[in-house]
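Examining the three-dimensional arrangement
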Amino acid sequence: MSKEPVKVILWEENQKDFLKKFYDLQFTPRVGEEVYLKKEKWKVTRVEHDVEISEINVYMQLIKKVKQEKPSNS
């Protein structure tokens, strides 16, 4: 019996375009987990499963980076 691959789509919260699509991921990120994607850290805000079309939508927010200033040599 063949299993249809599950599509996992990563979305930026409140945006229309997706960030990345995966097929048959080893794991699905959970709410509150941090994900490293596109050289940035994201935090998962919600996860929606659509069983009818074998799709999982993962919504994330970019974690704001705190810029560290280099000490100036004066």
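Residues numbered from 1 in each chain as written. Predicted model: local features only at pLDDT ≥ 70, side-chain atom pairs only at ≥ 80, totals over all residues. Heavy atoms only, no water.

1. Describing the environment of Lys20
- Mapped onto the elements of the fold, Lys20 is located in strand 2 (residues 18-23).
- With relative accessibility at 36%, the residue Lys20 sits in the partly exposed group.
- Between the C-alpha atom of Lys20 and that of Ile9, which follows or precedes it by 11 residues, the distance is 6.0 Å.
- When sequence neighbours within four positions are dropped, the list of residues in contact with Lys20 reads Val8, Ile9, Leu10 and Leu37. (Helix = DSSP H or I, 4+ residues; strand = E, 2+ residues; numbered from the N terminus. Buried < 20%, exposed > 50% of the residue type's maximum accessible area, 1.4 Å probe, protein only. Contact = heavy atoms within 4.5 Å.)

2. Comments concerning the nonpolar core
- Among the nonpolar cores identified, the biggest contains 10 residues, and these are Val8, Leu10, Leu19, Val35, Leu37, Trp42, Val44, Ile56, Val58 and Met60.
- Where this core is concerned, the elements lending two or more residues are strand 1 (7-12), strand 3 (34-37), strand 4 (40-50) and strand 5 (55-62). (Core = buried A, V, L, I, M, F, W, Y, C linked by side-chain atoms within 4.5 Å.)

3. Brief notes about the pairing of strand 1
- Most of strand 1 sits inside the fold, with 5 of its 6 residues counted as buried.
- Linking two consecutive strands that pair antiparallel, namely strand 1 and strand 2, is a turn of 5 residues; a positive phi of about 65° is found at Asn14 within it.
- Two strands pair when backbone bridges link them, and strand 1 and strand 5 are joined in this way by 6 bridges, in the parallel orientation. In the strand pairing of strand 5, Val8 is matched with Ile56. (Pairing = 2+ DSSP bridges.)

4. Concerning the packing of aromatic side chains
- Taken as a whole and assessed by the stated rule, the structure comprises 2 aromatic pairs.
- Ring geometry for Trp11 versus Phe18: centroids 6.2 Å apart, planes at 80°, classification edge-to-face.
- Classification of Phe18 by relative accessible area gives partly exposed; the value is 40%.
- On the numbers, 6.3 Å between centres and 20° between planes, the contact of Trp11 with Tyr59 is stacked. Taken together, the residues Trp11 in strand 1 and Tyr59 in strand 5 connect sequence positions 48 residues apart.
- Given a relative accessible area of 18%, Trp11 falls into the buried group. (Phe/Tyr/Trp six-rings, centres within 6.5 Å; stacked < 30°, edge-to-face > 60°.)

5. Some details on the sheet that holds strand 3
- Taken in spatial order, the 5 strands of this open sheet run 2-1-5-4-3, and their pairing is mixed. Of all the strands in the sheet, the pair left with one neighbour each is strand 2 and strand 3. For this sheet, the mean inter-axis angle between neighbouring strands, taken without regard to orientation, is 35°.
- Relative to strand 2, strand 1 runs antiparallel, the two sharing 5 bridges. In the strand pairing of strand 2, Val8 is matched with Phe22. (Axes fitted to C-alpha atoms, helices over the stretch in contact; angles between N-to-C directions.)

Read these as geometric descriptors, not functional statements.
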